[in-house]
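# Close look at the chain arrangement
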Amino acid sequence: GIIPERIMVGADFAWLFQPDPKDRIWARIFWENLGVDLSRPLVGVNVVNERWAGLNEVKDAIAMALDHIIRESAVQVAFLCNETRDGAYFDFAAAREVTAMMKEESYIVPNHYFTPSQMVALLSHCSLTVSQRYHFTVLSILAGTPCFSFARGQKMEGLLEEFGEAPVGTMDSCD
């Protein structure tokens, strides 16, 4: 019932983004300064709290899965924040909660704002990523890094459907 003149169609501008190739050198140095050995596989992880703060079943499943692949495949795991605000509601707190549940060593990337080009460069050094955020998934794709994503809302479900990918879980359930 809306007149056509009032309808506007938009796309996520992240898809038009072109990373700066020089940032890949910066990212290598960044990872090495953090203590990551880039000769070994690296898994980049983004977890969120938001309205799911305090619901630890999914976080525990993520921690157990990451511990398992670290032991079985000798990979390294690093948590990155897509939302850099401080507080229990945001990514850094969620990353600390998951790492506290893990038995194996992992890294938490400092909670700084990275430009999109820097984030793509950081993710380009990962062998794969695990994502609970739409833009972390998009930036992983732009980095050429395989991404396992959670269905967290309609936007993420639509993205996964568009790529013919099944989610690895939801924010309420993960096996």
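Everything below is about the structure printed above this text.
Residues numbered from 1 in each chain as written. Predicted model: local features only at pLDDT ≥ 70, side-chain atom pairs only at ≥ 80, totals over all residues. Heavy atoms only, no water.

### Observations regarding a nonpolar patch on the surface
How we decide: Patch definition: residues with relative accessible area over 30% and no salt bridge; like charges joined within 9 Å; nonpolar side chains (Val, Leu, Ile, Met, Phe, Trp, Tyr) joined within 5 Å. Methods summary: accessible areas were calculated by the Shrake-Rupley approach with a probe of 1.4 Å, and residue burial reflects only the protein chains presented. For this document, the term salt bridge refers to a Lys or Arg side-chain nitrogen within 4 Å of an Asp or Glu carboxyl oxygen. Counting from the N terminus, the helices are DSSP H or I runs at least four residues long and the strands are E runs at least two residues long. The buried label applies to any residue whose accessible area, calculated with a 1.4 Å probe on protein chains only, is under 20% of its type's maximum; exposed applies above 50%, and partly exposed to all values in between.
A contiguous nonpolar patch, built from Ile2, Ile7 and Val9 and spanning about 370 Å² of accessible area, is present on the exposed surface. Here Val9 shows up in the segment before helix H1 (23-34). On the basis of relative accessibility, which here comes to 83%, the residue Val9 falls in the exposed class.

### So, the environment of Val168
Short version of the rule: Between two residues, a contact is recorded if the distance between any of their heavy atoms is within 4.5 Å.
Tracing the backbone through its elements, the reader meets Val168 in the segment after helix H6 (154-162). The partly exposed category is assigned to Val168, whose relative accessible area is 33%. Each C-alpha atom, one on Val168 and one on Ser149, is 5.9 Å from the other, the two residues being 19 residues apart in sequence. Setting aside residues no more than four positions away along its own chain, Val168 makes contact with Phe148, Ser149, Phe150 and Cys174.

### Let's talk about helix H4 (residues 116-124)
Taking burial as the measure, the 9 residues of H4 include 7 buried ones, the bulk of the element. Regarding H4, the residues found buried are Ser117, Gln118, Met119, Val120, Ala121, Leu122 and Leu123.

### Focus: the side chain of Ser117
The test is simple: Polar contacts, as used here, are pairs of N or O atoms within 3.5 Å; protein pairs need one atom able to donate a hydrogen and one able to accept it. Residues neighboring in sequence count only if both atoms are side-chain atoms.
Among the structural elements, Ser117 can be located in helix H4. Taking relative accessible area as the criterion, Ser117 reaches 8% and is therefore assigned buried. Within the local environment of Ser117, its side chain forms a polar contact with the backbone nitrogen of Asp20, the two atoms lying 2.8 Å apart. Within the structure, Ser117 has its side chain in polar contact with the side chain of Asp23 (distance 2.5 Å). Residue contacts for Ser117: discarding those within four places in its chain leaves Phe17, Pro19, Asp20 and Asp23.

### Here we look at H6
Helical geometry: 3.6 residues make up each α-helical turn, so side chains three or four residues apart lie on a common side. Just so we agree on the cut-off: Summarising the geometry, the arc corresponds to the directions from the helix axis toward the C-beta atoms.
Buried within H6 we find Met156, Leu159 and Leu160. Looking straight down H6, one finds its buried side chains confined to an arc of 95°; they lie on one side. Looking at H6, the residues exposed on the side facing more than 90 degrees away from the buried face are Gln154, Glu161 and Glu162. Looking one or two residues beyond H6, the residue adopting positive phi is Gly164, at roughly 65°.

### Concerning the sheet that holds strand S1 (residues 42-46)
Just so we agree on the cut-off: Each pair of strands is called paired provided DSSP finds at least two bridges between the two strands. Simply put, an axis is a line fit to the C-alpha atoms, just over the touching stretch for a helix, and the angle between two N-to-C directions goes from 0 to 180 degrees.
Across the sheet, which stays open at both edges, the 5 strands sit in the order S3-S2-S1-S4-S5 with parallel pairing between neighbours. Lying at the two open borders of the sheet, with one neighbouring strand each, are strand S3 (107-108) and strand S5 (147-149). Across 4 bridges, the pairing between S1 and strand S2 (residues 76-79) is parallel. From the neighbouring strand, Gly44 faces S2, where its bridge partner is Ala78. Along the sheet, helix H5 (residues 134-142) makes contact with S1, strand S4 (128-131) and S5, crossing S4 at roughly 165°.

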